[in-house]
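# Observations on the model geometry
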Amino acid sequence: MAEQHTLTDDEFLLDDDIFAEDDFAAPKKTNKPLKDISFFQQLPVQVSLELASAEMSLGELTRMGEGDVIALDRMVGEPLDIRVNGALLGKGEVVEVGGRYGVRLLEVEDLGLGGASD
């Protein structure tokens with residue numbers, strides 16, 4: 001039968017000096033060249049227009065029928081929210097372009113992209 005050895009608490013303690021080495025100090029910073037972000041300009045995004053919204057209970061919603069009207073939280077002629085992947089891009093208005101709907105940008109939010117919007 002194999003002899004069993006019970007470890008003592010002292011055998012589990014780490015040597016505090018191991019963390020004093022330079023390898024465990026602050027991470028080393030390297031000056032990497034900035035990458036060309038033109039690749040990201042090719043990525044598709046989902047643009048959506050938010051006309052308005054309304055809050056109602058599920059009961060109110062289930063009682064609605066054909067011809068009922070839901071009052072929205074915007075006035076007629078008020079600008080629409082333009083969202084890109086769910087994030088607010090700005091405000092706009094609906095226009096007609098060659099028989100199709102379009103949107104004219106009226107106001108663009110500060111995107112904080114750090115000048116990468118060339």
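Here the structure is shown first, and the text comes after it.
In this report, the structure presented in the accompanying data block is examined. (Residues numbered from 1 in each chain as written. Predicted model: local features only at pLDDT ≥ 70, side-chain atom pairs only at ≥ 80, totals over all residues. Heavy atoms only, no water.)

### Structural notes on the overall build of the protein
Condition: Every helix listed is a DSSP run of H or I at least four residues long, and every strand listed is a run of E at least two residues long, numbered separately from the N terminus. Any residue under 20% of the maximum accessible area for its type is buried, any over 50% is exposed, and the rest in between are partly exposed; the area is computed with a 1.4 Å probe on protein chains only. In this description, contact between two residues means that some pair of their heavy atoms is separated by no more than 4.5 Å. The accessible surface values rely on the Shrake-Rupley method and a 1.4 Å probe; as for residues, cover is taken only from the protein chains in view.
Helix and strand content of the protein: one helix and four strands. When the helices and strands of the protein are listed from N to C terminus, the series reads β-α-β-β-β. Burial analysis of the protein (118 residues in total) assigns 7% to the buried set. Restricting the contact set of the protein to residue pairs at least 6 apart, pairs at least 24 apart contribute 28%. When the accessible surface of the protein is summed, it comes to about 11,400 Å², and 55% of that surface belongs to carbon and sulfur atoms.

### As for the pattern of salt bridges
Pairs may arise between side chains of opposite charge once their charged atoms sit close together. Operational definition: Salt-bridge detection follows one rule: a side-chain nitrogen of Lys or Arg within 4 Å of a carboxyl oxygen of Asp or Glu.
The final tally for this structure, using the stated rule, is five salt bridges. Put simply, Glu50 and Arg83 hold a salt bridge, and the shortest N to O gap is 3.3 Å. Of the two residues, Glu50 is situated in strand E1 (residues 47-50) and Arg83 in strand E2 (residues 80-84); the sequence distance between them amounts to 33 residues. Overall, the relative accessible area of 22% leaves Arg83 in the partly exposed class. A salt bridge links Glu93 to Arg104; the nearest nitrogen and oxygen atoms lie 2.6 Å apart. You can see Glu93 sitting in strand E3 (residues 87-97) and its partner Arg104 sitting in strand E4 (residues 100-108), a full 11 residues away along the chain.

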